[in-house]
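Fold and geometry: a report
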Amino acid sequence: CCFPVFTLYNSDCRSVTSSVQKRGAGAACLGSVNLKGRSCLTLKDFSSDEIKKLLWVSGDLKHRIKHEKQYLPLLQGKSIAMIFEKRSTRTRMSTETGFTLLGGHPCFLTSQDIHLGVNESCTDTARVLSGLCDVVLARVNSHSMLEELDREASIPIINGLSDLYHPIQILADFLTLQEHYGSLNGLTVSWIGDGNNVLHSFMMTAAKLGVHLKAATPKGYEPDKSVTEEAHRLAKQHGTQFILTSDPMEAARDSNVLVTDTWVSMGQEEEKKKRLKDFHGYQISMQTGSVAKSDWTFLHCLPRKMEEVDDQVFYSSRSLVFSEAENRKWTIMGLIVSLLTDYTPRIPMLKF
């Protein structure tokens, strides 16, 4: 496996033209970023450099553990409480295997084990877990539950998914794109589907990485208004484009990356018939890709249904979905290591 390429920054940590003489300046800027003790409820709360540092640490751990076969017990003696109000394959497996691989002990708690705000108040649960483990990852129905946990806990809280955001998915997506394209700045990502939590997390992250974002959603399924307002502000601040439309082909035009997600999320099963009708014409196919750039690729956070993307795209060489799924492990590892330790990456800084 080749080492990632470098990118460079000036004294204000803003991207400048690369040169051999200045190599390492960017690493010095990101190297000074320290996230120890922070929570991660949404990437809205993280700066451009902080997100880049998370991706760098993730890429570093992947290289050292997967390719160099190193044993890194960075979390030895630490434990994580994993609260799951909603089931998951990737979130559970990536967190359990990743935390264990780093020498820690994961504790999985379902709604049968812990009843947030029912048998015990969220406040009391947060304080109890703060004395029993080092970090909490919670996959919950309501984002307000995460905010309450974070207010009352004295340890980091990680959003494993909420109705508003899915930050750990987006970290995996951008690591996957960085690996594939070699850098992120200037890419155009096109979302075609529901205005949901995954899209919200793209909206809070893309501009900070120099990525243009276009989103096509059916009328009535647009992203949250306040999240949309913040996305427009971020695009203006970072000099990127953020475009909303209801036309999938308009969104796909001249795009590098086509992305979709489930049209019927957990808890929306009763709406399935109506949603399938409302999303007619939103399936990603080779026809959709025909208006994208020649190097276009496809992402899906999984699980996938045929109506969202056809087999020709999903199983093609353009599909990065299985690398994307694997990177859920490396990015959750990178995030947790960053929140619990002072770890410094050993590999050259990734090019962003």
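Residues numbered from 1 in each chain as written. Predicted model: local features only at pLDDT ≥ 70, side-chain atom pairs only at ≥ 80, totals over all residues. Heavy atoms only, no water.

For the record, the criterion: UniProt positions are given in the numbering used here, feature names are shortened, and annotations may be inferred rather than shown by experiment.
With an unreviewed UniProt entry as reference, the protein is termed ornithine carbamoyltransferase, source organism Oreochromis aureus. Regarding the protein, the UniProt comment filed under Sequence similarities (unreviewed entry) reads as follows: "Belongs to the aspartate/ornithine carbamoyltransferase superfamily. OTCase family."

Observations regarding helix α13 (residues 321–340)
Turn by turn, an α-helix covers 3.6 residues, leaving residues three or four places apart pointing in a common direction. The criterion, for reference: The way it works is that DSSP assigns letters per residue, a run of H or I at least four long becomes a helix, a run of E at least two long becomes a strand, and they are numbered from the N terminus. What a helix is expected to span follows from its residue count: subtract one and scale by 1.5 Å. Two axes define the bend at a residue: one fitted to the seven residues ending there, one fitted to the seven starting there, and the bend is the angle between them.
Between its terminal C-alpha atoms α13 stretches 29 Å, which fits the 28 Å expected from 20 residues at 1.5 Å a residue. At N327, α13 is bent by approximately 30°, the largest bend along its length.

So, the packing of aromatic side chains
We apply this condition: Geometry of aromatic contacts follows a simple scheme: Phe, Tyr and Trp rings, the Trp one being its six-membered ring, pair when their centres are within 6.5 Å, and the pair is stacked under 30 degrees between planes, edge-to-face over 60, tilted otherwise. Buried means the residue's accessible area, taken with a 1.4 Å probe over protein chains only, is under 20% of the maximum for its type, while exposed means over 50%, and partly exposed covers the values in between. Sitting over a ring, as applied to charges here, requires NZ of Lys or CZ of Arg to be within 6 Å of the ring centre and within 35 degrees of the ring normal.
Tallied over the entire structure, the rule returns eight aromatic pairs. A ring pair is formed by F279 and Y282, whose centres lie 6.0 Å apart and whose planes are at 70°; its orientation type is edge-to-face. On the accessibility criterion, Y282 (5% relative accessible area) is buried. The interplanar angle of 75° and the centroid separation of 5.8 Å between the aromatic rings of F314 and F322 together place this pair among those described as edge-to-face. Given a relative accessible area of 4%, F314 falls into the buried group. For F322, a relative accessible area of 51% gives the class exposed. One aromatic cluster is present, built from ring pairs that chain together Y221, W263, F279 and Y282. Across from the ring centre of W330, 4.9 Å away, lies the NZ or CZ of K329, which sits over that ring.

Considerations on the sheet that holds strand β8 (residues 257–260)
The test is simple: Pairing between strands requires that DSSP locate at least two bridges from one strand to the other. Helix axes are fitted to C-alpha atoms over the stretch in contact, other axes to C-alpha atoms as well, and angles between N-to-C directions run from 0 to 180 degrees. Residue contacts are defined here by distance: any two heavy atoms, one from each residue, within 4.5 Å place the two residues in contact.
With parallel pairing, five strands are arranged side by side in an open sheet as β7-β6-β5-β8-β9. Pairing within the sheet leaves two strands with one partner each, and these edge strands are β7 (242–245) and β9 (297–300). Between one strand axis and the next, the sheet turns through 20° on average, direction left out of account. Two strands pair when backbone bridges link them, and β8 and β9 are joined in this way by four bridges, in the parallel orientation. Residue pairing across strands places L258 opposite F298, the latter belonging to β9. The sheet contacts of helix α6 (residues 167–181) involve β5 (188–192), β8 and β9, and relative to β9 the element is tilted by about 160°.

Looking at the sheet that holds strand β3 (residues 135–139)
Within a sheet, each strand pairs with its neighbour through backbone hydrogen bonds, oriented either parallel or antiparallel. Taken together, four strands build an open sheet; the order of strands is β2-β1-β3-β4 and the sheet is parallel. Because the sheet does not close on itself, it has two edges, and the strands there are β2 (105–110) and β4 (157–161). The mean inter-strand angle of the sheet, taken between neighbouring strand axes irrespective of direction, is 20°. In terms of strand pairing, strand β1 (residues 79–84) meets β3 through five bridges, oriented parallel. When the sheet's bridge partners are listed, I80 is paired in β3 with V135. Of the strands in this sheet, β1, β2, β3 and β4 touch helix α3 (residues 90–101), which is tilted by about 175° from β1.

Things to note about unusual backbone geometry
Going from L302 to P303, the amide bond is cis rather than trans, its omega being 0°. Here P303 is to be found in the loop between β9 and α12 (311–314). Even without glycine at this site, L161 takes up a positive phi of about 150°. Tracing the backbone shows L161 in strand β4.

Focus on the pairing of β7
Applicable threshold: When the strands point away from the viewer, a crossover counts as right-handed if the path from the first strand over the helix to the second runs clockwise.
Here strand β6 (residues 212–216) runs beside β7; their pairing, made up of four bridges, is parallel. What sits directly across from K214, in β7, is I243. Between the parallel elements β6 and β7, the chain passes through helix α8 (residues 225–238) in a crossover that is right-handed.

Looking at the pairing of β4
Across the five residues of β4, five count as buried, placing the element largely inside the fold. Pairing between β3 and β4: four bridges, direction parallel. Counted as the bridge partner of A138 is N159 from β4. In this fold, the crossover linking β3 to β4 by way of helix α5 (residues 143–152) has right-handed handedness.

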